[in-house]
Protein chains: 2
Amino acid sequence: MQPDKRTRNTVNIPFAVSHGSAAQRIESELRRSIVALELPPGIRLSEQEIAERHGVSRQPVREALIGLARTRLVEIQPQRGTVVAKISVRKMMEARFVREAIETAVVRRACSSFDRQSRQRIDDLIDMQDHAARRDDHAAFQRYDELFHVALAEGAGCPLAWEAIQDIKSHMDRVCQLTLPGPDAMLPLIEQHRAIVAAIDACDEDAAAEAMGRHLTEILRALPRIEAEHPELFSS
Amino acid sequence: MQPDKRTRNTVNIPFAVSHGSAAQRIESELRRSIVALELPPGIRLSEQEIAERHGVSRQPVREALIGLARTRLVEIQPQRGTVVAKISVRKMMEARFVREAIETAVVRRACSSFDRQSRQRIDDLIDMQDHAARRDDHAAFQRYDELFHVALAEGAGCPLAWEAIQDIKSHMDRVCQLTLPGPDAMLPLIEQHRAIVAAIDACDEDAAAEAMGRHLTEILRALPRIEAEHPELFSS
DNA sequence: CTGTCTACACTTGTATGGTAGTATACACCG
DNA sequence: CGGTGTATACTACCATACAAGTGTAGACAG
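Predicted, not measured: the structure shown is a model, and the values here were computed from it.

1. Here's the deal with the overall build of chain A
- Of regular secondary structure, chain A possesses 10 helices and 3 strands.
- Taken from N to C terminus, the helices and strands of chain A fall in the order α-α-β-α-α-β-β-α-α-α-α-α-α.
- In terms of C-alpha radius of gyration, chain A reaches 20 Å, essentially the compact-globule figure of 18 Å for 236 residues.
- Each of the three principal axes of chain A carries a C-alpha extent, and together these read 65 × 40 × 35 Å.
- For chain A, restricting intrachain contacts to residue pairs at least 6 apart in sequence, the fraction spanning at least 24 positions comes to 71%.

Set out below in C-alpha cells:
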C-alpha cells in the first residue's frame, strides 16, 4: 500500500516545511486545529487515526500529543485514550492574571530601554494587523497580534517572557478565537496596541502598564456571552 | 541476555514509584541529576547509554529528553547528539525578571484573599525548612523552598502561576544549587520568607511585593562570584 | 608531508510489533 | 427480569529494528 518509504518524507516537505521533524510538524498542525476549534473540546484523538491521516507512524504522533499535553491542550488518560481538553474558565482567568503580571512588567521595562529595530517592527506589525482587520481576516489578525507581543518582549530585552506566556496561553487562545468574529472586536484591540506603544514612546511606565492591563482585561468582557453561547466547550 | 521481558517492568516498580510511566520517571531523575550538577553542562547524553543504565529501551528515554529540551535543560541537536545545556547568565536574568513579575503579583493578590489551609501549611513549611537549614541539608532546604512558593501560589488562588514559573525556573535552579553551600546562605532566605508572610498577614500589598522582590534579587548577589569560580559551567 | 575523498562509526528520527491495562457489550446465573 | 462474570475490542506504553544524516579517521593521490 505504501508507495515508497524513501520518498514519502521528501514528498511531504513542500507544503509543510514549518518545523523539521514529523513530530513537530504534527504538533503544530494539531495545536492549530485545536485552537481553531476544528477539533472541539471533548473529542477523542486516536493516535492510529492521526498517524494514518498524516501518513506517518504512531510514534511521532505520540510525541506530538505528549507535547500538547504539557500545555494542557489535550488530556492523556493512560491506557484509556486522549481527548481534547475542555476550556476551563478558572484556568483561563489564572492564565490571564499571570500574563498580565508578565506583560505589564515587560512594558515597564520597555520604557527604560527599547530596542530600536523592534520598535520599527512594531509599527509595521500594527499596520499589517490593521489591514488584516479591515479584510476581516481573523487568522492573520491573530498571527500579527501574537507577533506584536513577541516584538514587545524582544524589544524589552526579555524574549523569555514570551516563552513563559506561550506555555500558559493555550488556556486563553480558544476563547480569543471565539470572541474575534464578534462585531467590531478587532479594531479596539489595535487601538489598545497603539496606546501601549505611545506610552512606551513617552517613557511613561505607569501609563504603559495600565494600557497593557486594559488590553489584557478585554478578553473578560466577552467571556460571559461566549460561555452562555457555547456551554458545551467549557468544563466546569 | 534479558532475563524476562514480562517481569522487568514490575521489578522496577518497588524502588522508583515516583511517577507512573518510565518516561516520566527518567525525566524526573535526569532533571534532578542535571540540577544537582551531577551531569555537568556540556556533557553529552547518549540515549542508548541512559536506556541501558535504567534498563529500558531508547523510546522512553527519548521522550524524557524531549521533555527536558522544552525547558532548555538539554539541547537536542538533530542527527548529532544531545548535550546538557550550559548555564546562560542572560537567560537566568530574564527568568529571574519574569519570575519576580509573577510572584510579586501573586503576593499582592494573596493580600486580598488567602486560603486558610495554605496559610497554615506555609508556617509548617517554613519550620521544616528551618530545621533543614540547621541540619545543613541542602536538598531538603531546596525542596521546602519550592513547596513554600507553591503554597503561596495555591493560597492566592493561582496554582497556574507556579506552573508558569516551573517552565522557566530551570535557568535559575543550577545557580541556586551553587549558591546554597556558601556560608550562611540559607538562613537569610528563611527570614525573607517570614517577611513575605508577615506582609501578607498585614494585608500590606506594597510591603509584600517589595519583600518578594528582595527575596528574588538575592540570587544576583552571589552570581558574579559563582561565575568567576566556575566559568566552565556558563555559556557566554 | 599535505590536502582531499571515501568509508565507517556514531547520532537522532521513524516504523512496526507486541504487552498490559481499561471499558464495554454480551452471555450466563440467581 | 436484574445483577454479575467474562470475552473482546479498543487504548497508551514499551521494545526492537531500520532509515537517514553527521563527524571523523584513515586511505590515497599529489
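So, next bit.
2. Describing unusual backbone geometry
- Residues other than glycine seldom take positive phi values, yet A:Leu37 does so here, at roughly 65 degrees.
- As for its placement among the helices and strands, A:Leu37 is situated in the loop between α2 (22–35) and β1 (44–45).
- You will see that B:Gln79, though not glycine, has its phi angle at about 60 degrees, which is positive.
- What makes B:Gln79 exposed here is the crowd of 5 C-beta atoms within 10 Å.

3. Considerations on the protein's contact with DNA strand D
- In the neighbourhood of DNA strand D, 23 residues make up the surrounding shell, with A:Ser46, A:Thr82, B:Ala22, B:Val56 and B:Ser57 lying closest.
- Secondary-structure elements contributing two or more residues to the surface near DNA strand D are α1 (5–12), α3 (47–54) and β3 (81–84) of chain A together with α2 (22–35) and α4 (58–70) of chain B.
- It is α4(B) that contributes the most residues to the surface near DNA strand D, 3 residues altogether.

4. Focus: the confidence of the model for chain A
Residue and element names in this part refer to chain A.
- Looking at chain A as a whole, its pLDDT mean stands at 90, while 92% of the residues score no less than 70.
- Per-element averaging of pLDDT across chain A places α1 at the bottom with 32 and helix α5 (residues 89–112) at the top with 98.
- Taken together, the stretch residues 1–18 has pLDDT below 50 and engages in 5 contacts with residues farther than four places along the chain or on a different chain.

5. Section: the sheet that holds β1(A)
Residues and elements named next belong to chain A.
- Taken in spatial order, the 3 strands of this open sheet run β1-β3-β2, and their pairing is antiparallel. Each of the sheet's edge strands pairs with one partner strand only, and the pair in question is β1 and β2 (74–77).
- As judged from the 2 bridges shared by β1 and β3, these two strands associate in the antiparallel manner. What sits directly across from Leu45, in β3, is Thr82.
- Strands in contact with helix α4 (residues 58–70) are β1, β2 and β3; relative to β2, the strand with the most contacts, it is inclined by about 115 degrees.

6. Things to note about the relation of the copies chain B and chain A
- The transform that puts chain B on chain A rotates by 180 degrees and translates by 0.0 Å along the axis, for an RMSD of 0.1 Å. A rotation of that kind, with that shift, is consistent with a two-fold axis.
- Of all interface residues in chain B, 100% are interface residues in chain A too; the two copies therefore contact each other through one and the same surface.

7. Some remarks on the protein's contact with DNA strand C
- The local shell around DNA strand C holds 20 residues, among which A:Ala22, A:Val56, A:Ser57, B:Glu47 and B:Thr82 are the closest.
- Sorting the residues of the surface near DNA strand C by element identifies α2 and α4 of chain A together with α3 (47–54) and β3 (81–84) of chain B as the ones contributing at least two each.
- Broken down by element, the residue count for the surface near DNA strand C peaks at 3 residues, all from α4(A).
- The class makeup of the residues in the surface near DNA strand C is 6 nonpolar, 10 polar and 4 charged.

8. Describing the environment of A:Ala228
Residues and elements named next belong to chain A.
- Along the polypeptide, Ala228 turns up in helix α10 (residues 205–229).
- Since 8 C-beta atoms lie within 10 Å of it, Ala228 is described here as exposed.
- Separated by 201 residues in the primary sequence, Ala228 and Glu27 have C-alpha atoms spaced 30 Å apart.

9. Overview of the nonpolar core
- Among the nonpolar cores identified, the biggest contains 93 residues, and A:Val98, A:Ile102, B:Val98 and B:Ile102 are the most heavily contacted of them.
- Among residues more than four places away in sequence, those in contact with A:Ile102 are A:Ala161, A:Ala164, A:Ile165, B:Val98, B:Ala101 and B:Ile102.

10. Details of the sheet that holds strand β1 (residues 44–45) of chain B
Residues and elements named next belong to chain B.
- Pairing in this open sheet of 3 strands is antiparallel, and the strands run β1-β3-β2 from one edge to the other. Single-partner strands in this sheet number two, and they are β1 and β2 (74–77).
- Across 4 bridges, β2 lies against β3 in antiparallel orientation. In the sheet register, Ile76 faces β3, and the bridge partner there is Thr82.

11. Brief notes about the pairing of β3(A)
- Of the two faces of β3(A), the one lined by A:Thr82 and A:Val84 is fully buried and the one lined by A:Gly81 and A:Val83 carries no buried residue.
- Count of turn residues in the β2(A)/β3(A) antiparallel hairpin: 3 residues, of which A:Gln79 carries a positive phi of about 65 degrees.

Rules behind the numbers
Just so you know, the residues in each chain are numbered from 1, in the order the chain's sequence is written. Whichever chain is written first is A, and whichever ligand is written first is 1; the rest continue in order. Only residues with pLDDT of at least 70 get local features here, since the model is predicted, and only at 80 or more are side-chain atom pairs given and counted; chain-wide, interface and lining totals rely on the full set of residues. The secondary structure listing takes helices from DSSP runs of H or I that are at least 4 residues long and strands from runs of E that are at least 2 residues long, numbered from the N terminus. This radius of gyration counts C-alpha atoms alone. The globule rule is 2.2 Å times how many residues there are, raised to the power 0.38. C-beta atoms are first placed from the backbone for all residues, and any pair lying within 7 Å is then listed as a contact. With C-beta atoms placed from the backbone, a residue counts as buried when 20 or more other C-beta atoms lie within 10 Å of its own, as exposed when 12 or fewer do, and as partly exposed for counts between those limits. We call a residue near a molecule or strand when its C-beta atom, built from the backbone, sits within 6 Å of it. Across the chain, each position has a pLDDT score giving the predictor's confidence in that residue, from 0 to 100. Pairing between two strands requires that DSSP report at least two bridges joining them. Note on geometry: axes are lines fitted to C-alpha atoms, helical ones only across the stretch in contact, with angles between N-to-C directions running from 0 to 180 degrees. The least-squares superposition of copies is restricted to C-alpha atoms, and to residues with a pLDDT of at least 70 in both copies. Each residue is assigned to one of three groups, with Ala, Val, Leu, Ile, Met, Phe, Trp, Tyr, Cys and Pro labelled nonpolar, Asp, Glu, Lys and Arg labelled charged, and all others, Gly among them, labelled polar. To count as a nonpolar core, a set of buried Ala, Val, Leu, Ile, Met, Phe, Trp, Tyr and Cys residues must be joined through C-beta atoms within 7 Å.

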